[in-house]
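Read off the chains here:
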Amino acid sequence: MTNEELSTMVETSDEWIQQRSGIRERHIAAEGETTSMLATKAAEAALADAGLTAAEIDLIVLATSTPDYTFPSAATQVQANLGMHHGAAFDLQAVCSGFVFAVATADKFLTSGSHKRALVIGAETFSRILDWKDRTTCVLFGDGAGAIVLEAQESEGGLQARGVITSQLRSDGAHRTKLYVDGGPSSTQTVGHLRMEGREVFRHAVGMVTDVIKAAFAAAEVTAADIDWFVPHQANRRIIDASAEKLGIAPEKVVKTVDRHGNTSAASIPLALDIACRDGRIRQGDLVMIEAMGGGFTWGAALIRW
Ligand code: ACO
């Protein structure tokens, strides 16, 4: 759905949307197409890319705020779609930070030795919870899914070893009303619509994101100059640019896909990773910083040796 199409639905313009957010277009799931369907396609693509089958996976962590149903989890739907009857599958809800939280969670399972190979998925159908009459929110979000496979391997650890080097997760529930959905099973018994004080979110975003990335830099004893790629949550070009600048990350290291996907919440980082891997930017051995901030507030960062 392009900005032009949106401007026939609400009073907005391509110019306003591009200038304020950097978004040119977003994708909307087809009628009847659910989050678990998008997630299954992403999972199948990730498995093919890794040269693995579902039989070799023993953990599915699916980050989403827009599951098909209140329960069962979308993760178990993906598990069924992949023909898996073994292992464990669960959803993880940290809104736009969901993928970073899911990567960190899966990493802990793998490094503890309890599981061997994890599918980590970010999948959303935010189009289903948007108020399509509210121009301050509906122009910013889109649908999508992306996935990666993490595998436990023996290593010496440290900065050169492949995998998650450090993950830093934060949340502060005091900010609930700045970005929330006004419905749910236990409150209104409805699904509800996304509500956001955009300017307030913007005001907090850059500081929170840069703080948690600095914590990741400190934990791994690296600097902005050491990382090869910065793959932030794709909420807004201005937040991405301001964060990169404040951290001293060179513009050519920043992967930006917000123009073609809009804000796909937990799906935005794996979608961006997919594009940057396919076009040859991210290669094995590269040092990749992912980060996100979202409803809650939640925020976090993970440094990965690809
Ligand atoms: N089209 C045209 N005009 C609009 C639109 C629109 N779609 N939406 C709002 N406006 C108008 C407003 O009504 C306002 O008009 P007024 O001055 O006459 O009152 C004017 O544009 C400016 O509105 P602001 O809200 O001040 O615009 P701002 O420059 O702050 O940009 C935006 C708004 C894009 C939402 C910005 O605040 C932002 O990016 N915030 C962060 C949002 C975000 O990234 N959220 C997601 C992060 S967390 C997660 O991913 C779930």
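Once a new chain begins, its residue numbering starts again from 1 and follows that chain's sequence as written. Residues qualify for local features only when their pLDDT is at least 70, as the model is predicted, and side-chain atom pairs are given and counted only at 80 or more; totals for whole chains, interfaces and linings, by contrast, use all residues. To get the side-chain values, take all heavy atoms of the structure and skip hydrogens and water.

Undergrad: Give me the sheet that holds strand β5 (residues 163-171): which residues, what numbers.
TA: Picture the strands of a sheet paired through backbone hydrogen bonds; they go either parallel or antiparallel. An order of β5-β10-β9-β8 is seen for the 4 strands of this open sheet, with the pairing classed as mixed. One side of each edge strand has no neighbouring strand; the edge strands of this open sheet are β5 and β8 (229-232). Recorded for the sheet is a direction-independent mean angle of 10° between the axes of neighbouring strands. At least two bridges found by DSSP between two strands is the condition for calling them paired. Numbering of helices and strands runs from the N terminus, with a helix taken as a DSSP run of H or I at least four residues long and a strand as a DSSP run of E at least two residues long. Sheet topology places strand β9 (residues 287-294) next to strand β10 (residues 298-305); 8 bridges connect them, and they run antiparallel. Along β10, the bridge assignment pairs E291 with A301. Here helix α10 (residues 268-278) sits on the sheet in contact with β8 and β9, set at roughly 150° to β9. Only the stretch in contact is used when fitting a helix axis, every axis being a line fitted to C-alpha atoms; angles between N-to-C directions are given from 0 to 180 degrees. Residue contacts follow a heavy-atom distance rule, with two residues in contact if any of their heavy atoms lie within 4.5 Å.

Undergrad: Break down the site of the ligand for me, with residues and values.
TA: One heavy atom suffices: a residue is near a molecule or strand as soon as one of its heavy atoms comes within 4 Å of it. With respect to spatial proximity, 23 residues lie near the ligand, and among them T12, C96, R199, N236 and N263 are the closest. The contact in question runs from a nitrogen atom of the ligand to an N or O atom on the side chain of T12, over 2.6 Å. Residues adjacent in sequence count toward polar contacts only when both atoms are side-chain atoms; beyond that, a polar contact is any pair of N or O atoms within 3.5 Å, and within protein one must be able to donate a hydrogen and the other to accept it. Contact distances for the ligand include 2.7 Å between an oxygen atom and a side-chain N or O atom of N263. Each accessible area is a Shrake-Rupley estimate made with a 1.4 Å probe; only the visible protein chains count as cover when residues are assessed. Protein burial of the ligand: of its 1,000 Å² of free accessible surface, 76% is covered by the chains. Counting only elements with at least two residues in the shell around the ligand, the list comes to α2 (14-21), α6 (135-138), α7 (198-220), α8 (237-247) and β9. When residues in the shell around the ligand are grouped by element, the largest group, 4 residues, is from α7. Under the convention adopted here, Pro, Cys and the residues Ala, Val, Leu, Ile, Met, Phe, Trp and Tyr are nonpolar, Asp, Glu, Lys and Arg are charged, and Gly plus all remaining residues are polar. Considered class by class, the residues forming the shell around the ligand number 11 nonpolar, 7 polar and 5 charged. Residue contributions to the shell around the ligand reach at least three from each of two domains, namely domain 1 (3-151) and domain 2 (163-305). Source of the domain bounds: an automatic or database domain assignment.

Undergrad: Please set out the sheet that holds strand β3 (residues 117-125) residue by residue, giving values where relevant.
TA: Strand order in the open sheet formed by 4 strands is β2-β1-β3-β4, with mixed pairing between adjacent strands. At either end of the open sheet lies a strand with only one pairing partner, and these are β2 (88-92) and β4 (143-151). Taking each pair of neighbouring strands and ignoring which way they run, the sheet shows an average axis angle of 15°. Note that β3 and β4 share 9 bridges and pair antiparallel. Residue pairing for β4: A123 is matched across the bridge by A145. This element, helix α3 (residues 35-50), spans β1 (59-63), β3 and β4 of the sheet and lies at about 40° to β4. Most of the contacts of α10 go to β4, to which it runs at about 75°, and overall it touches β3 and β4.

Undergrad: Give a description of the packing of aromatic side chains that names residues and reports values.
TA: We call Phe, Tyr and Trp rings a pair once their centres come within 6.5 Å, taking the six-membered ring for Trp, and we label the pair stacked below 30 degrees between planes, edge-to-face above 60, and tilted otherwise. Applying the stated criterion to the full structure yields 2 aromatic pairs. Ring plane angle 40° and centroid distance 5.9 Å describe the contact between F90 and F109, whose orientation is recorded as tilted. Here F90 is found in strand β2, whereas its partner F109 is found in helix α5 (residues 98-112), with 19 residues between them in sequence. The cut-offs for exposure are 20% and 50% of the maximum accessible area for each residue type, with area from a 1.4 Å probe on protein chains only; residues under the lower value are buried, those over the upper are exposed, and the others partly exposed. On the basis of relative accessibility, which here comes to 27%, the residue F90 falls in the partly exposed class. Residue classification places F109 among the partly exposed residues on the basis of a relative accessible area of 27%. Ring geometry for F126 and F141: centres 5.5 Å apart, planes at 25°, overall stacked. Taken as a pair, F126 in the loop between β3 and α6 and F141 in the loop between α6 and β4 lie far apart in primary sequence, 15 residues in all. A relative accessible area of 2% places F126 in the buried class.

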